[in-house]
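The chain contents come next:
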Amino acid sequence: MDINLIAWIGGAALACAILVKMMRQKQLRLSELLRQYVEGQLEWARKRNRAARLAQQAVQQKASLEKEEQSALDRINAETAEATLTQGEQIQRPEQLQSVVQSTSG
């Protein structure tokens, strides 16, 4: 065999080996970038889910507080109405007493 042919074959083999090594390194870098991208997307998905869950909890808490406030207002209104009726009855009682006193004395 000719020495030039051996040199060309050796050079081609070396070039192929270097090319394969470079392609493997590039593939590893791209795989790492893809893994980082996927992890980033998962992290954002977790954050979005957490934010949605917290927003839902806030809505439920607000609804619960509004319900409690409405219940308290209804209770206060009922107590006020009862107190108003009681005061009205107290006002009517002296008249009733006067009518009872007048009917018994007369």
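Only a predicted model underlies this, so the values are computations on that prediction, with no experimental measurement involved. (Residues numbered from 1 in each chain as written. Predicted model: local features only at pLDDT ≥ 70, side-chain atom pairs only at ≥ 80, totals over all residues. Heavy atoms only, no water.)

Q: Before we go on, may I ask you to explain the overall build of the chain in this structure?
A: For the chain, the helix and strand inventory stands at one helix and zero strands. Burial analysis of the chain (106 residues in total) assigns 0% to the buried set. Surface summary for the chain: the accessible area is close to 9800 Å², and the carbon and sulfur share equals 61%. (Helix = DSSP H or I, 4+ residues; strand = E, 2+ residues; numbered from the N terminus. Buried < 20%, exposed > 50% of the residue type's maximum accessible area, 1.4 Å probe, protein only. Areas by Shrake-Rupley, 256 points an atom, 1.4 Å probe, with all protein chains shown as cover.)

Q: I tried to follow a nonpolar patch on the surface on my own but got confused; where do I start?
A: Taken together, the side chains of M1, L5, I6 and I9 define a hydrophobic patch exposed on the protein surface, amounting to about 440 Å² of accessible area. Here I6 shows up in helix α1 (residues 3–105). Since its relative accessible area comes to 44%, I6 is described here as partly exposed. (Patch = residues over 30% accessible without salt bridge, like charges linked within 9 Å, V, L, I, M, F, W, Y side chains within 5 Å. Salt bridge = Lys/Arg side-chain N within 4 Å of Asp/Glu carboxyl O.)

Q: Explain the packing of aromatic side chains here, please?
A: What describes a pair of aromatic rings is the distance from one ring centre to the other and the angle between the planes of the rings. The full count for this structure, using the stated rule, is zero aromatic pairs. The ring of W44 carries K47 above its face, with NZ or CZ at 5.2 Å from the centroid. (Phe/Tyr/Trp six-rings, centres within 6.5 Å; stacked < 30°, edge-to-face > 60°. Lys NZ or Arg CZ within 6 Å of the ring centre and 35° of its normal.)

Q: Help me understand the pattern of salt bridges in this model?
A: Side chains that differ in sign of charge can pair as their charged atoms come close. Within the structure shown, the criterion is met by three salt bridges. Here R35 ties to E32 by a salt bridge, and the two come within 2.2 Å at their closest N and O atoms. Remark: E32 and R35 occur in helix α1; sequence separation between them is three residues, near one turn of the helix. Given a relative accessible area of 32%, E32 falls into the partly exposed group. Among the ionic pairs, R35 bridges to E39, the shortest N-O distance being 2.5 Å.

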